[in-house]
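A closer look at the structure
Okay, here's what each chain looks like letter by letter:
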Amino acid sequence: MDIKERFTQVIKENKGLIFKIAILYTNSIHDRDDLYQEIVYQLWKSFPSFKEHSKLSTWMYKVALNTAIYHLKKTKRQLATIPIEKEVLNFGDRVDHIHEERLEMLYEHIQRLSLLDKGIILLWLEENSHEEIAAIVGLSISNVGTRLSRIRNKLKDQIAKSK
């Protein structure tokens with residue numbers, strides 16, 4: 001399998017990872033699509049240099065998060081709190097409407113977090129270990145644990161206040 005075929009396979013297998021980051025760091029469908037394309041482009045540029053010192057998903061998250069943060073800073077866009085798009089809610093087959101409402105509320109509150117905190121909580125929700133999160137965002141493992149605790153408490157407080 002040549003590099004182009006391997007890359008295409010990797011993108012197909014991990015399109016959900018890229019989509020989640022793109023939607024979390026944008027506030028419109030157009031911006032999301034632009035960011036998605038930019039992440040794929042950056043992954044393509046970096047793909048030959050991936051040396052498998054870490055898991056592929058760890059490397060992809062790192063590239064995707066860095067691209068998303070750079071993209072926001074470059075375009076000087078302000079993130080607005082907006083309702084989560086139905087596409088995210090329908091990403092998997094869900095029939096439990098209470099679960100959908102809770103998930104929508106959680107993502108609305110995640111939208112209010114700082115850029116770094118959004119990335120950290122997204123990685124944690126994706127069940128990455130503290131070690132993997134630390135490698136992706138460039139923090140110490142203990143700092144990741146501390147930040148996660150603070151983020152979870154902040155989200156709990158925000159959700160309690162909104163009820």
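What comes next is a walk through the structure.

Basis of the calculations
Per chain, residues are indexed from 1 in the order of the written sequence. Only residues with pLDDT of at least 70 are given local features in this predicted model, and only at 80 or more are side-chain atom pairs given and counted; all residues enter the totals for whole chains, interfaces and linings. For side-chain calculations, the full set of non-hydrogen atoms in the structure is used, while hydrogens and water are omitted. A pair is scored as a salt bridge if a Lys or Arg side-chain nitrogen falls within 4 Å of a carboxyl oxygen belonging to Asp or Glu. Numbering of helices and strands starts at the N terminus; helices are DSSP runs of H or I of at least 4 residues and strands are runs of E of at least 2. Relative accessibility decides the category of a residue: with a 1.4 Å probe and only protein chains considered, values under 20% of the type maximum give buried, values over 50% give exposed, and everything between is partly exposed. Buried Ala, Val, Leu, Ile, Met, Phe, Trp, Tyr and Cys residues that are joined via side-chain atoms within 4.5 Å together make up what is termed a nonpolar core. Pairs of residues are marked as contacts when any of their non-hydrogen atoms sit within 4.5 Å. Stacked, tilted and edge-to-face pairs are distinguished by plane angle, under 30 degrees for stacked and over 60 for edge-to-face with tilted covering the rest, among Phe, Tyr and Trp rings (Trp via its six-membered ring) whose centres lie within 6.5 Å. By the criterion adopted, a ring carries a charge over it if an Arg CZ or a Lys NZ lies within 6 Å of its centre and within 35 degrees of its normal.

Moving on to the pattern of salt bridges. Between side chains of opposite charge, a pair can form as their charged atoms come close. All told, the structure shown has four salt bridges when counted by the stated rule. Among the salt bridges present, the one from lysine 55 reaches glutamate 132, with a minimum N-O distance of 2.6 Å. On the criterion of sequence distance, the pair formed by lysine 55 in the loop between helix 3 (29-46) and helix 4 (56-75) and glutamate 132 in helix 8 (residues 130-137) is long-range, its members being 77 residues apart. What makes lysine 55 partly exposed here is its relative accessible area of 46%. For glutamate 132, a relative accessible area of 15% gives the class buried.

So, on to unusual backbone geometry. Within the chain, glutamate 127 stands out as a residue other than glycine whose phi angle is a positive 65 degrees. Relative to the helices and strands, glutamate 127 resides in the loop between helix 7 (115-125) and helix 8. Of the residues examined, glutamate 127 reaches a relative accessible area of 74% and is grouped as exposed.

Judged by nonpolar contacts, the single largest core of 39 residues is most densely connected at Ile18, Ile21, Tyr25, Leu43, Trp59 and Met60. Of all the elements in the fold, those that place two or more residues in this core are helix 1 (3-13), helix 2 (15-24), helix 3, helix 4, helix 6 (97-110), helix 7, helix 8 and helix 9 (141-162). In this structure, isoleucine 18 is in contact with Ile11, Tyr36, Ile39, Val40, Leu43 and Met60, ignoring residues within four places of it in sequence.

Applying the stated criterion across every chain, the model contains four aromatic pairs. Ring plane angle 55 degrees and centroid distance 6.2 Å describe the contact between phenylalanine 47 and tryptophan 59, whose orientation is recorded as tilted. A residue pair is termed long-range when its members are at least 10 positions apart, and phenylalanine 47 in the loop between helix 3 and helix 4 and tryptophan 59 in helix 4 qualify at 12 residues. A relative accessible area of 10% means that phenylalanine 47 is categorised as buried. Their ring planes at 35 degrees and their centres at 5.0 Å tell us that phenylalanine 50 and tryptophan 59 sit as a pair that is tilted. An aromatic cluster of three or more residues is present, and its members are Phe7, Trp44, Phe47, Phe50 and Trp59. Positioned above the aromatic ring of tryptophan 124 is the side chain of arginine 152, whose terminal nitrogen or guanidinium carbon lies 4.9 Å from the ring centre.

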